[in-house]
Structures are given as structure tokens and as C-alpha cells.
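Here is what each chain is made of, one letter per residue.
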Amino acid sequence: MNYFLSGFFICGLLLAFFYDTWSVAIGVGGLSLVAYYSVKSILPDSNLYQYVASLILGIFMAQYIYQMHGLFEMHFIAFVGSAMLITYQNWKLQIPITLLVILHHALFAYLQFVRVDGIYFTQLDYMSLSTFGIHALLAASIFFISGLWAYQFKKFSEKNIEQTYRIASLNEAEVQKEALLHANHELDKFVYSVSHDLRAPLSSMKGVIEISEEETKDELLLKNFSLLKGSIKKLDDFIQDILQYSRNSRMEVKKQSIDFAEMLEDITNNLKHMSSNNERPVEILYSVSNQKLFVSDKSRLNVLLSNLVSNAIRYQNPVVQNPYVDIQVNMTDIETGIVVKDNGIGISAENQKKIFEMFYRVSENIVGSGLGLYLVKEIVDKLDGKIEVESEPGKGTAFMVCIPNGN
Ligand code: ADP
């Protein structure tokens, strides 16, 4: 705009060479520039200077018409000004220039018509009403189109800016997510290798204790060995829980055909020794109804069921005659429902809300890491399933799991 306005001023000076209108060229042109730059420097944060520019572009039109003694083509300068204003992307800027053109035409046409001396508006002697109408229509069209363009231009810019911001913030979020995933992955890898490496020395310690047990009949030593083995087992169980947690968060969900009857037989066989470790063996019952092709992640389901069943065994009720765990699997085409029910100590309503939290244990007296049910919940989430608990202290607990068929 600076270059254009200076250009308009210089054009006025050039015209003055031919038409000897120096006072108008310097006076009107100069004052216009002073007005524009004064407003711009006094109110730099306001867009008032743009409205001044709109008026000035109309004034330059009037100045050129005057300087060229009413040369009709100079009226087109108003259209040039109107088009230039599009750059500010504000349709309202078309209003001052339009009003000025109307006022100028009406006033100077009248003054020339009543033959005031020194007024040059048009070199034409006569303009028919239809010619005037066509001129007015064309001028209105140009002002309207310029206003419309300014409006569309602004909308387009706003959309573009918004899109750029959105893409930038999306990219940022994407980068952060990537970094977080990477950090998580590294942490999981670290946890996995540390846990894995910790288990090897534990099993050698257990081996050494078992050999030493055979070498002695000393009661005190045997008692201490048994305590040591207990602590090693506790540590080993804890490490296993961490390993399973790490595996669940790292590994992709697999799609394998599941044979629940076979899986439950393996689990109950593995956990049999656990019940005999307790004061009383716990009866483990299971049934699978409506067997069908079911596709899900085998090792995750194994961990899930093992954790629920081993909890049912561990949290048996000492005052109950026949502690049992009853596992019922009911399959449909869409999903499989698993219920693991026991007649153990039960969980109070208040504790039921917290048992799925990491490291939460109801009682510190019982051996456990507090990771089992947290891992169960994580697995259920990974498999897009649901888990609920129903329990009454002293009566027993039932965990209801629902896993969709990934078939
Ligand atoms: P933990 O390693 O302590 O067993 P879990 O996350 O597996 O950790 O279980 C959290 C808590 O929920 C346990 O400390 C226990 O008090 C309670 N709990 C879990 N399963 C049962 C159950 N079948 N009967 C009674 N209490 C249970």
C-alpha cells in the first residue's frame, strides 16, 4: 500500500507537468499522504488508517479527474482503489470510497452543471440517463465484487490459519505421544530384563538350600531353610507378577483359537500344589458349556484365569468346611463369560472398589504383591472385555469376566 500511495502522489506530480495543476497535486496529494501516515503512526493498533486509505484512494480519483480537466477515463481510478482495498480483507473498506465517489460525482456534476468557474468534472457535454444508469450499475458491481472478495479472502485466511495451528498442535501431540511410547517401551524392556535376570540367582539359591536341607537333620537349620525358601518364593512370585505385567503391556494381542477345557485343566493341575501348601486343600471345579470356536489371546487368558483361581485358593475362609473354587465358562458366538466363584473370606464393599488398583492389598498379613487383580484388569482392557466383582465378607466372592470373541 505504501508503494501504491507514493505512486499515486508521483502520478499527480507528473500530471501537473502537463496540466499545470501543481497546487492540487502537492496540496491534495500531499495532505492525503500526511493524513494516512499520521493516523497509522498515532493509532498503530487500530485499523482506522485503512478507512483513511479507502477515502484517499477516492480522493486521488477526484484529483486526477480535476487535474486532467474532466477526462472521463480517470473515473476508473476509483475501481483501481476499490480492488487495492481487497488486500486488507475487510469488506467494509468499500463503504468510504463508494460514499466519496457518490458525493464527489453529485457535487462536482452539480457545480459544473451550474457552471461554477474552474470546476472540471467531465468533458462530456451530455450524458443520457441510461448511460448514467449503466455507469452506476457497473461501479456498484465492482465495489460489490471487491467487497465480496475481501470477505471471502478473510474467511479463507482464517480457515488457513486455524488449519495450520491445528496441524502444528497435532504434530506436537503426535511427537509427544511418540516420545512417551518410546519411553514406556524402554522402561518395559528394562523392567523385563531386570526381572528376568533376578529370577536366575533366586532359583540357584533355592537349589543350594534344597541340597543343604538334605545334608542336615538339625531342626533349627531346617526351620531356617524353610523360612528362606518361603521368602525366595515370595520374591519369585512378585517378580513373576512384574514380568507378566510387563509382557501384557509390551506384547501385541494375539488371535489364537482357545480350548477352555484344556486351559483350565492345565491351570488346575498347576495350582493343585498350591492348595496342598495351604492348611486345607481347596476343591477346584470347572465346567465349559456351549463349546465353540473362540479366538483370543491364549497366554493372556491363561494369566487372567490363573490369577483369579490362585486368589480364590489363597483367600479361603478358615471357618468354612469345604473350601472350593468353581469356574464356569459359558461361550456364545459373540463372547465368552467366565465366572470364578469361591466360598472364601470375601471382600467388603469398600475394598471392592480398590482391589483393581496397582499394589492394593486388603491385608498385609497375607502373602501377595497386590499386582494380581491389577494385571487381570489390564488384560481384560487389552482384550476389550469387562470385569465385575460380587462379594460378601464371610460368604465368598465371584469375579465375572466377559471377553469378546475375536473370531
Ligand atoms: P494380592 O497379590 O494381594 O493377592 P491382588 O491384586 O490379586 O493382590 O488382590 C488384591 C486384593 O484383593 C487382595 O489383597 C485380597 O485382599 C483381595 N482379593 C482378591 N481376590 C480375592 C478373593 N477371591 N477373595 C477374597 N479377597 C480377594
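Residues numbered from 1 in each chain as written. Predicted model: local features only at pLDDT ≥ 70, side-chain atom pairs only at ≥ 80, totals over all residues. Heavy atoms only, no water.

**Some points on the overall build of the protein**
What the protein contains, in helices and strands, is 11 helices and seven strands. Rg of the C-alpha trace for the protein: 45 Å, well past the compact-globule value of 22 Å for 407 residues, more than 25% over. For the protein, the spread of C-alpha atoms along the principal axes amounts to about 135 × 45 × 35 Å. With 407 residues in all, the protein has 35% of them scored as buried. The contacts in the protein between residues at least 6 apart in sequence include a share of 71% that link residues at least 24 apart. With an accessible surface of roughly 24800 Å², the protein has 61% of that area assigned to carbon and sulfur atoms. (Helix = DSSP H or I, 4+ residues; strand = E, 2+ residues; numbered from the N terminus. Rg over C-alpha atoms; globule rule 2.2 N^0.38 Å. Buried < 20%, exposed > 50% of the residue type's maximum accessible area, 1.4 Å probe, protein only. Contact = heavy atoms within 4.5 Å. Areas by Shrake-Rupley, 256 points an atom, 1.4 Å probe, with all protein chains shown as cover.)

**Concerning the domain arrangement of the protein**
Each assigned domain of the protein is listed here: domain 1 (2–250) and domain 2 (256–404). Summarising the inter-unit geometry, the C-alpha centres of domain 1 and domain 2 are found 58 Å apart. Contacts between the two partners involve nine residues from domain 1, matched on the other side by 14 residues from domain 2. The contact between domain 1 and domain 2 buries some 960 Å² in all, and 61% of this surface belongs to carbon and sulfur atoms. Contact with domain 2 buries area across many residues of domain 1, yet Asp241, Tyr245 and Asn248 alone supply 58% of it, more than any other trio. Where domain 1 packs against domain 2, one counts zero salt bridges. On inspection of domain 1 and its partner domain 2, the count reaches four residue pairs in polar contact (both at pLDDT 80 or more). (Domains from an automatic or database assignment. Buried area = accessible area lost by both parts, 1.4 Å probe. Salt bridge = Lys/Arg side-chain N within 4 Å of Asp/Glu carboxyl O. Polar contact = N/O pair within 3.5 Å; in protein donor to acceptor, adjacent residues only side chain to side chain.)

**Description of the pairing of strand E7 (residues 396–404)**
Two faces belong to every sheet, and in a regular strand the side chains alternate between them. Pairing analysis gives eight bridges linking strand E5 (residues 335–342) to E7, with the strands arranged antiparallel. Each bridged residue has a counterpart across the sheet, and for lysine 341 the counterpart in E7 is alanine 398. Alignment of strand E6 (residues 386–392) against E7, held across seven bridges, turns out to be antiparallel. For glutamate 390, the partnering residue across the bridge sits in E7 and is alanine 398. Count of turn residues in the E6/E7 antiparallel hairpin: three residues, of which glycine 394 carries a positive phi of about 85°. (Pairing = 2+ DSSP bridges.)

**Some thoughts on a nonpolar patch on the surface**
Residues Ile10, Leu14, Phe17, Phe18, Trp22 and Ile26 make up a contiguous nonpolar surface patch of roughly 690 Å² in combined accessible area. If you tally residues by element for the nonpolar patch, the top one is helix H1 (residues 2–19), at four residues. Relative to the elements of secondary structure, leucine 14 occurs in helix H1. (Patch = residues over 30% accessible without salt bridge, like charges linked within 9 Å, V, L, I, M, F, W, Y side chains within 5 Å.)

**Quick notes on the nonpolar core**
Core analysis: the largest hydrophobic core is formed by 38 residues, its most contacted members being Phe260, Leu305, Ile327 and Phe399. Contributing elements (two or more residues each) for this core: helix H8 (260–277), helix H9 (298–314), strand E4 (324–331), E5, helix H11 (372–382), E6 and E7. By residue number, the principal contributor to this core is H9, which donates eight residues. In contact with phenylalanine 399, other than residues within four places in its own chain, are Leu308, Ile338, Val339, Val340, Ile347, Ile355, Phe356, Leu373, Ile387, Glu388 and Val389. Membership of the second largest hydrophobic core comes to 30 residues, among which are Leu15, Val39, Tyr64 and Ile65. (Core = buried A, V, L, I, M, F, W, Y, C linked by side-chain atoms within 4.5 Å.)

**A short note on H11**
When we look at burial in H11, the residues that qualify are Gly372, Leu373, Tyr374, Leu375, Val376, Ile379 and Val380. Buried residues in H11 make contact with helix H7 (219–250), H9, E6 and E7. With its phi angle positive at about 60°, aspartate 384 sits one or two positions after the end of H11.

**A closer look at the site of the ligand**
Taken together, 20 residues surround the ligand, and among them Asn311, Tyr315, Ser369, Gly370 and Leu373 come closest. Measuring from an oxygen atom of the ligand, one finds a side-chain N or O atom of tyrosine 315 at 2.6 Å. Contact between the ligand and glycine 372: an oxygen atom at 3.4 Å from a main-chain N or O atom of the residue. Contributions of two or more residues to the shell around the ligand are made by H9, H11 and E7. When residues of the shell around the ligand are assigned to their parent elements, the largest contribution, three residues, is made by H9. (Near = heavy atom within 4 Å.)

**Some thoughts on the environment of glycine 346**
Within the element layout of this structure, glycine 346 appears in the loop between E5 and helix H10 (349–352). Overall, the relative accessible area of 17% leaves glycine 346 in the buried class. In this structure the C-alpha to C-alpha distance between glycine 346 and glycine 394, which are 48 residues apart in sequence, comes to 5.5 Å. With residues up to four places along the chain from it excluded, the contact list for glycine 346 reads Ser391, Glu392, Pro393, Gly394, Gly396 and Thr397.

**Some thoughts on helix H4 (residues 77–84)**
Of all the eight residues making up H4, six are buried; the element is thus mostly covered by neighbouring parts of the structure. Within H4, the full set of buried residues consists of Ile77, Ala78, Phe79, Gly81, Ser82 and Met84. Looking at the buried positions of H4, the neighbouring elements they touch are H1, helix H3 (48–67), helix H5 (94–113) and helix H6 (129–215).

**Here's the deal with the pairing of E4**
Judged from the seven bridges that link them, strand E2 (residues 283–289) and E4 form a sheet pairing that is parallel. Bridging across to E4, tyrosine 286 finds its partner in isoleucine 327. Pairing analysis gives seven bridges linking E4 to E5, with the strands arranged antiparallel. Across the sheet, isoleucine 327 pairs through a bridge with valine 340, a residue of E5. Linkage of E4 to E5, two consecutive antiparallel strands, is achieved through a turn of three residues.

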